Amino acid sequence: MCEMKKDVILRVRDLVVKFNLRGQVLTAIRGISMDLHKGENLAVVGESGSGKSVFCKTFMGLLDNNGWVDSGSIEYGGQDLAAFQKEREWIHIRGKKIAMVFQDPMTSLNPLKPVGKQIQEAFTLHNKVGAAEAKKRTLELLADVGIPEPERRYKQYPHEFSGGMRQRVVIAIAMACVPEILICDEPTTALDVTIQAQILELLKALQRKYGLTIIYITHDLGVVANVADRIAVMYAGDIVEIGTCDEVFYDSRHPYTWALLSSLPQLGVKGEELYSIQGTPPNLFHEIHGDAFAPRNPRALKVDFVARPPYFEVSPTHKARTWLLDPRSPGVEPPEHIKNIRNIRNLKKEDAVNEQITR
Amino acid sequence: MSKSLGEILVSVRNMEVTFGSRRNRFVAVKGVSFDIYKGETFGLVGESGSGKTTIGRAIIRINPMSHGEVIYKGQRISGKISKELDKKVTQQIQMIFQDPMASLNERAKVDYIVSEGLINVRPDLKKQERSEMVTKALLEVGLLPEFASRFPHEFSGGQRQRIGIARSLIMEPEFIIADEPISALDVSIRAQVLNLLSRLQKERGLTYLFIAHDLSVMRFICDRIAVIHKGVIVELSETEKLFEHPLHPYTRALLSAIPLPDPDSEKRKILEIYDPTQHHYETDKPIWTEIESGHFVMGNREELEQYRVRLEA
């Protein structure tokens, strides 16, 4: 996706987010700068606690009450979202311009309200329209997200829907006002594999139809490989590597990205130990010195414990925060088995050939 | 895969599990039969609602069966059994649950959670001996002995799952039913728990029934896999054979949907969608058939013919 220079729709600069937990201050986001391009699929990946959800929630002003944007800016549509103080200011953005699909469709729908009403609610909140008009639009939306018999389904309650269908309803609510940016927080984690693939297809179709920009928050690298144009790898409240999908999968540079890819069971050899990351993520209550991943990185350099690495550019679209890319570093090779990612594909290719023969 | 199959440890015969009362009956598991050999990891895969968890729970006797029987080491353990046998089964068959956030008693200390089973099965043990065993079990799963005096909420998901594993290990089981043991965990923690499970298997010669919906993980850990759809096993085979020659359309749909961490193959992925109405079972009933050695599939005569052609090609 680097054939043309894309317009920047959302610009984040030096964002710092802090939380107050029982009197202690935790720094959840430690100075992130990032551009979101119009029409792209950006995947934000990382372990739980890496701050990926918090980061995206700041775009909609959905931080918990004990959290706040400490410094930095989020430019969107000529406004600085980070400077918003009142709920009233958010109304024109949240749900209308930037919408969110939540992880668990079992808990994000109101069980006491017919799904049609729940979708309609999102629509009428932002548009002054009559009931008939709103219903018409809701039925359109239901059809859009691939729910058969919208007329009948409109009156049904969430418990009458399967998990996959419920997630479609959640997507319909998010799509009610045709937002510019759609944030999907683990949209498929709670679903079966077969349904998962269908939901991803649906999101892609909606993107083509409405020209959406989608941010996927996920820890499933399989999903990422399927949908992402660009990938941002987060660790301890910071983006440690960002690049196009191919660059991050086939030519990753940050030791944390290596570790994340290495621990995939798909790359494991039966009977051998799977690679696993040692240690635990750093305590964000304390200030972090140097590279946050250094204590868990068996091949960390001395400088990693002293100074925080800057971004080094690998290509115009690919940069990573690691001293390994410094010309003075000894240059550590990525682990052998990551190269097997290519082999997964090759294996598959053979399968495909076999299939051709058998058919 | 040339592991010789050897001795049968658990044998499930015609298992049927029904929920609800007579008027509102729902048959979750419809006449399922399979054998699990000693020392192997047997995988059970299917989507939610397919009955895979119910099978696991019926074997360990949490859910009563309405039909069929379970044979463990040559003895029937389903239905009414003697007190002695009941005690033996309780000790030798253990379960690891899916969600480590929900399966630990929040109000009990780790010490009690881990040793609870022992209190019931080995009342002869002194307190001292019991706490020694807890220490040993915790160390074995990579936790520190001092964790025994803490509460579950003080631990992360991966650590909690280790506590869940410790509490089944302390019983010195031979057969462990692992119900989606890693699906609630983070990617990086998954690898650790999988490694732990396979290390324990090697050291103690454990047999696992591994229940999951994620085929990519199962390929790594299972020796044989059974695919279950709506309470019926549709295909059963050695892992690699299943991945090389998936025959039943449902298995093929599942395999085609596996997310691969490789952008190129993801882009070329063709989804197969399983439509249960594609079978013509009205006149020609499907039969459970061994189509090649160790590879079973459910199909009627016409389908089996097609499957054979596909295998030979």
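Rules used throughout
Residues numbered from 1 in each chain as written. Chains lettered and ligands numbered in written order. Predicted model: local features only at pLDDT ≥ 70, side-chain atom pairs only at ≥ 80, totals over all residues. Helix = DSSP H or I, 4+ residues; strand = E, 2+ residues; numbered from the N terminus. Rg over C-alpha atoms; globule rule 2.2 N^0.38 Å. Buried ≥ 20, exposed ≤ 12 C-beta atoms within 10 Å, placed from the backbone. Contact = placed C-beta atoms within 7 Å. Pairing = 2+ DSSP bridges. Nonpolar A, V, L, I, M, F, W, Y, C, P; charged D, E, K, R; others polar. Axes fitted to C-alpha atoms, helices over the stretch in contact; angles between N-to-C directions. Parallel < 35°, antiparallel > 145°, perpendicular 65-115°, else oblique. Left-handed = near helix turned anticlockwise from the far one by under 90°.

Engineer: Where do I start with the overall build of chain B in this structure?
Structural biologist: From N to C terminus, chain B includes 11 helices and 12 strands. Taken against the 2.2 N^0.38 rule, which gives 20 Å for 313 residues, the C-alpha radius of gyration of chain B at 21 Å falls within 12% of a compact globule. Oriented by its inertia axes, the alpha-carbon framework of chain B measures out at about 65 × 50 × 40 Å. Counting over 313 residues, chain B shows a buried share of 45%. In chain B, the share of contacts with a sequence separation of at least 24, taken over all contacts with a separation of at least 6, comes to 64%.

Engineer: I would appreciate a short explanation of the sheet that holds strand 4 (residues 67–76) of chain A in the present structure.
Structural biologist: In sheet architecture, strand pairing relies on hydrogen bonds along the backbone and comes in two forms, parallel and antiparallel. All names here are of chain A. Strand order in this open sheet of 4 strands is 2-1-4-5, and the pairing throughout is antiparallel. Whereas interior strands pair on both sides, the edge strands pair on one side only; in this sheet they are strand 2 (24–37) and strand 5 (79–80). Pairing analysis gives 2 bridges linking strand 4 to strand 5, with the strands arranged antiparallel. Paired with Tyr 76 across the two strands is Gln 79, which belongs to strand 5.

Engineer: What am I meant to see in the interface of chain A and chain B here?
Structural biologist: Many descriptions give the size of an interface as the accessible area lost when the pieces come together. Contact residues are listed per partner, giving 36 residues for chain A and 30 residues for chain B. Classifying every residue of the side of chain A that touches chain B by side-chain character gives 16 nonpolar, 12 polar and 8 charged.

Engineer: What exactly am I supposed to notice about the pairing of strand 2 (residues 26–37) of chain B here?
Structural biologist: Consecutive side chains of a regular strand alternate in pointing toward one face of the sheet and then the other. Residues and elements named next belong to chain B. Of the pairings in the sheet, the one linking strand 1 (residues 8–19) to strand 2 comprises 9 bridges and is antiparallel in character. In the sheet register, Val 10 faces strand 2, and the bridge partner there is Ile 36. Here strand 1 hands over to strand 2 after 6 residues, with Gly 20 in that stretch at a positive phi of 85°.

Engineer: Could you clarify how one ought to interpret the sheet that holds strand 3 (residues 41–45) of chain B in this entry?
Structural biologist: All names here are of chain B. Strand order in the open sheet formed by 8 strands is 6-7-8-3-9-10-12-11, and the pairing between neighbours is mixed. This sheet does not close on itself; its edge strands, each paired only once, are strand 6 (93–96) and strand 11 (287–292). Within this sheet the neighbouring strands show an average axis-to-axis angle of 20°, counted without direction. Where helix 9 (residues 249–257) meets the sheet, it contacts strand 9 (224–229) and strand 10 (232–238), and its direction lies at approximately 105° from that of strand 9.

Engineer: What is the right way to read the pairing of strand 4 of chain A from this model?
Structural biologist: Residues and elements named next belong to chain A. Looking at chain direction, strand 1 (residues 8–21) and strand 4 are connected through 8 bridges and run antiparallel. Counterpart to Val 17 in the pairing with strand 4 is Val 69. Hairpin geometry of strand 4 and strand 5 is characterised by an intervening segment of 2 residues between the two adjacent antiparallel strands and by a positive phi of about 55° at Gly 77.

Engineer: Where do I start with the packing of helix 5 (residues 157–169) of chain B against helix 6 (residues 187–204) of chain B in this structure?
Structural biologist: How two helices sit against one another is set out by the angle between their axes and by the gap between those axes. Residues and elements named next belong to chain B. As a packed pair, helix 5 and helix 6 sit with axes 10 Å apart at the nearest point and diverge in direction by 15°. Classified by the angle their axes make, helix 5 and helix 6 are roughly parallel. At the point where helix 5 passes helix 6, the crossing takes the right-handed sense. The segment helix 5 lies against helix 6, with Gly 157, Gly 158, Gln 161, Ile 165 and Leu 169 engaging Ile 189, Gln 192, Val 193, Leu 196 and Leu 200. Split by residue class, the contact of helix 5 with helix 6 holds 6 nonpolar, 4 polar and no charged.

Engineer: Is there a simple way to explain unusual backbone geometry in this structure?
Structural biologist: Leaving glycine aside, a negative phi is the common case for residues, and trans is the common case for peptide bonds. With a phi angle near 50°, Val 178 of chain A is a residue other than glycine that sits in the positive phi range. One non-glycine residue, Lys 230 of chain B, lies in the positive phi region at around 50°. When you line up the elements, Lys 230 of chain B lands in the loop between strand 9 and strand 10. Judged by the 16 C-beta atoms lying within 10 Å of it, Lys 230 of chain B falls in the partly exposed class.

Engineer: Looking at this structure, how should I read the environment of Tyr 157 of chain A?
Structural biologist: All names here are of chain A. Residue placement: Tyr 157 occurs in the loop between helix 6 (150–154) and helix 7 (163–175). The class of Tyr 157 is partly exposed, set by 15 C-beta atoms lying within 10 Å. A sequence separation of 172 residues divides Tyr 157 from Ser 329, and the C-alpha atoms of the two residues are 60 Å apart. Once residues lying within four places of it in the same chain are set aside, the contact partners of Tyr 157 are Pro 111 and Pro 114.

Engineer: Hey, could you run me through helix 4 (residues 115–126) of chain A in this one?
Structural biologist: The α-helix winds at 3.6 residues per turn, so residues separated by three or four positions along the chain end up facing the same way. Every buried residue of helix 4 of chain A is accounted for by Val 115, Gly 116, Gln 118, Ile 119, Gln 120, Ala 122 and Phe 123 of chain A. Each element contacted by the buried residues of helix 4 of chain A is listed here: helix 5 (131–144), helix 6 and helix 7 of chain A.

Engineer: Looking at this model, I keep getting lost on the packing of helix 3 (residues 110–121) of chain B against helix 4 (residues 127–140) of chain B. Mind explaining?
Structural biologist: All names here are of chain B. For the pair helix 3 and helix 4, interaxial distance at closest approach is 10 Å and the crossing angle is 115°. It follows that helix 3 is roughly perpendicular to helix 4 by the angle criterion. For the crossing formed where helix 3 meets helix 4, the hand is right-handed. Contact residues: Asp 111, Val 114, Ser 115 and Leu 118 in helix 3; Arg 130, Ser 131, Met 133, Val 134, Ala 137 and Leu 138 in helix 4. The residue inventory of the contact of helix 3 with helix 4, partitioned by class, reads 6 nonpolar, 2 polar and 2 charged.

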